[in-house]
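# Structural overview
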Amino acid sequence: MTAGIGTARGVAHAPGRLTRMLILGGVGLVFAVPILAMIEFTLRRGLVGGYDFQRWIELFQNGLTGEYAPILAALVNSVGLAVGTVAIVLVLLVPTMLLVHIRFPRLRRTLEILCILPISIPAIVLVVGLAPVFSVLARYVGSGVWTLAFAYGITVLPFAYRAIQSNLDGVDVRTLSEAARTLGAGWAGVLLRVLVPNLRRGILAGAFIAVAVVLGEFTIASLLSRVNLQTALVVVSKNDPYSAVILSLLALFVAFLLLLAIGRLGTERRRPARAFTPTPTTSTSGGDQS
Amino acid sequence: MPAAAFGLLPFAVYVLLFLALPTLIAVGTGFLGNDGGFTLDTVAALGDPVVLAAFGSSIWLSALTAIIGAVVGALVCYALLGARPDGALRSTVDSLSSVIAQFGGAMLAFAFTATIGIQGMVTLLLQERLGIDIFADGVWLYELPGLVLPYIYFQVPLMIITFMPALASLKPTWAEANATLGGTARTYWLRIGLPVLAPSFLGSLLLLFANAFSSYATAATLTSQGAQIVPLQIRSALTSETMLGRENLAGALALGMILVMTVVMIGYSRLQSRAARWQR
């Protein structure tokens, strides 16, 4: 009887090892093809045929200086914008969602519609209206690249909202916060020590999406004439498609490592909380690491 | 209570300044004539056959890639169900999905040109090894059909990111209850899992549709000529300075896009209230 129930690790009806490998392997393989094609493209030796690392070596020997210095500056811009956008999600969106969920349940629909709204407003539409807003904004805070984070905060709103809301739906936030309040916690304590740890997966997923959105954003930056990674790559590709592809691959790889690091950061912090799960091995190792 | 209401203020002000205001400005221009006064002439341009064809192509492209993306993405989520949430597999897939979901614009155009472009790796392999010429009927990569594969490439990872939390919130007690009552894995999925997940799945599907419908950067970098889909028509309306009055057409096109998206959003909102039945 127990063979049919996959309740291992608290997850119901997880697929078997073979099924999982087939699905992940198949999808992974198909998704690897364009990346492999990009790598193959950069190794081509032109008309002579065959492959070598000449283009990679040249790019690395010259470094991101001279011709490619703008790419480095653009990358710095994009990373800064990612940080700013995640900050907007954490400081503005998460507390508002929790406040509405706990204290103003009647506003839930309103908040939801508001947060999903940006998806019905494509970047190319939004940018037309953003241009005058940004020209007014420039008078007060300047026209620095970082101001784009205000626009990106809106762009990531639907994705961050859905990720956090999915998690919020699976957690009984009201009971948790009432219990914490009964035990004498203040609102800050409820938020930071009870709710945020319980919603970590959703918040983390929201932050993931925010970072990825910002690193890949092209429309708003290009139409508001500000430089970010994507607009700089397009400029490079016009003269030198091989280097543009190499830089794209590097950018993808760096973005992947960055997100992996952020993901690990989240799971490291989760460990101490695991001390309360009835699995003895996790509780001891978790205690050592914290 | 009133004190807590002030907590809603910062978000409200932010949304008002950077969402409501720009939207009103953008859509408002659709009702402006060349003299700057109110007119319905610009909006009437939405009935033009060329504009209607673009809307048809946009909807077809978005629906197709959303369905394929949602099904494949949900399968990957299911495959990840037993994996440890903090394990190497999950964090790798999460990070990869986040990167690829936004792997739009220039990079995606480069990738598919290198894969199925005229000199692409797959194009050449098929030609040399199997004798299949994928461009026998002409090069379709830089036209509407060429957008399908790149769009699927960013739809699947987006599905993984948005659907995984819903799948992970399935309660183990439901599986236990199912087993106690003599149910199998099959009855669990058919009677419990799928019905509970259906609204979340359809919600994610609509999110994917919206994502493709409003996507601009990939199409803009891949198709340099023509404007088969609505975002590209807005681009040409915005950038062509030769024809007077064209910027107001952009406002009308924007209004049309927002109308389609509103229909999608109403569907999404209905689904969410259904999903809420299983909460609390």
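Just so you know, these numbers come straight off a predicted model, no measurement behind them.

Conventions we followed
- Residues numbered from 1 in each chain as written.
- Chains lettered and ligands numbered in written order.
- Predicted model: local features only at pLDDT ≥ 70, side-chain atom pairs only at ≥ 80, totals over all residues.
- Heavy atoms only, no water.
- Helix = DSSP H or I, 4+ residues; strand = E, 2+ residues; numbered from the N terminus.
- Buried < 20%, exposed > 50% of the residue type's maximum accessible area, 1.4 Å probe, protein only.
- Areas by Shrake-Rupley, 256 points an atom, 1.4 Å probe, with all protein chains shown as cover.
- Phe/Tyr/Trp six-rings, centres within 6.5 Å; stacked < 30°, edge-to-face > 60°.
- UniProt positions renumbered as here; feature names shortened; annotations may be inferred.
- pLDDT = per-residue confidence, 0-100.
- Contact = heavy atoms within 4.5 Å.
- Buried area = accessible area lost by both parts, 1.4 Å probe.
- Salt bridge = Lys/Arg side-chain N within 4 Å of Asp/Glu carboxyl O.
- Expected span 1.5 Å × (residues − 1).
- Bend = angle between axes of the 7 residues up to and from the residue.

## Brief notes about the overall build of chain B
- On a plain count of helices and strands, chain B comes out with 13 helices and 0 strands.
- When the helices and strands of chain B are read in sequence order from the N terminus, they spell out α-α-α-α-α-α-α-α-α-α-α-α-α.
- Burial statistics for chain B: of 280 residues in total, 54% are counted as buried.
- Accessible area for chain B stands at about 12,400 Å²; split by element, carbon and sulfur atoms hold 68% of it.

## Some words on the packing of aromatic side chains
Residue and element names in this part refer to chain A.
- Per the counting criterion, the structure on display carries 12 aromatic pairs over all chains.
- Seen in terms of ring centroids, Phe-41 and Tyr-242 are 4.7 Å apart; in terms of plane orientation they differ by 15°. Their pairing is stacked. Note that Phe-41 is positioned in helix H1 (residues 17–43) and Tyr-242 in helix H12 (residues 241–270), a separation of 201 residues in sequence.
- Relative accessible area serves as the criterion here: at 17%, Phe-41 is assigned to the buried category.
- On the basis of relative accessible area, Tyr-242 is assigned to the partly exposed category, the value being 22%.

## Here we look at the UniProt feature "transmembrane region" (unreviewed entry) in chain B
- Mapped onto this numbering, the UniProt entry annotates "transmembrane region" (unreviewed entry) at residues 50–83, 103–127, 147–167, 188–210 and 249–271 of chain B.
- The span residues 188–210 of chain B carries 100% helix and 0% strand; its end-to-end C-alpha distance comes to 31 Å.

## Re the confidence of the model for chain A
Residues and elements named next belong to chain A.
- Residue-level pLDDT values for chain A average 78, and 83% of them are 70 or greater.
- Per-element confidence in chain A is highest for helix H3 (residues 69–102), whose mean pLDDT is 89, and lowest for helix H13 (residues 280–289), whose mean pLDDT is 32.
- Every residue in residues 1–11 is under pLDDT 50, and counting partners more than four places away or in other chains gives 16 contacts.

## Focus: the interface of chain A and chain B
- Listed by partner, the interface residues are 98 residues for chain A and 101 residues for chain B.
- At the boundary of chain A with chain B, total buried surface from both sides reaches about 8,700 Å², with 75% on carbon and sulfur atoms.
- Interface area lost by chain A to chain B is led by His-13, Phe-31 and Arg-162 of chain A, which between them contribute 9%.
- Taken together, the links from chain A to chain B amount to 0 salt bridges.

## Quick notes on helix H6 (residues 148–169) of chain A
Residue and element names in this part refer to chain A.
- Compared with the 32 Å implied by 1.5 Å per residue over 22 residues, the 31 Å span of H6 between its first and last C-alpha is a close match.
- The sharpest bend along H6 reaches about 45° and sits at Leu-157, with the proline Pro-158 one to four residues further on.
- Within H6, 20 of the 22 residues are buried, leaving the element largely enclosed by the surrounding structure.

## Digging into the UniProt feature "transmembrane region" (unreviewed entry) in chain A
- The sites that carry the UniProt feature "transmembrane region" (unreviewed entry) are, in the present numbering, residues 21–39, 71–99, 111–134, 140–161, 203–224 and 244–262 of chain A.
- In residues 203–224 of chain A, the share of helix is 86% and the share of strand is 0%. The end C-alpha atoms are 29 Å apart.

## Structural notes on the environment of Gly-153 of chain A
- Topologically, Gly-153 of chain A is positioned in helix H6.
- It is 7.9 Å that separates the C-alpha atoms of Gly-153 of chain A and Ala-210 of chain A, two residues lying 57 residues apart in sequence.

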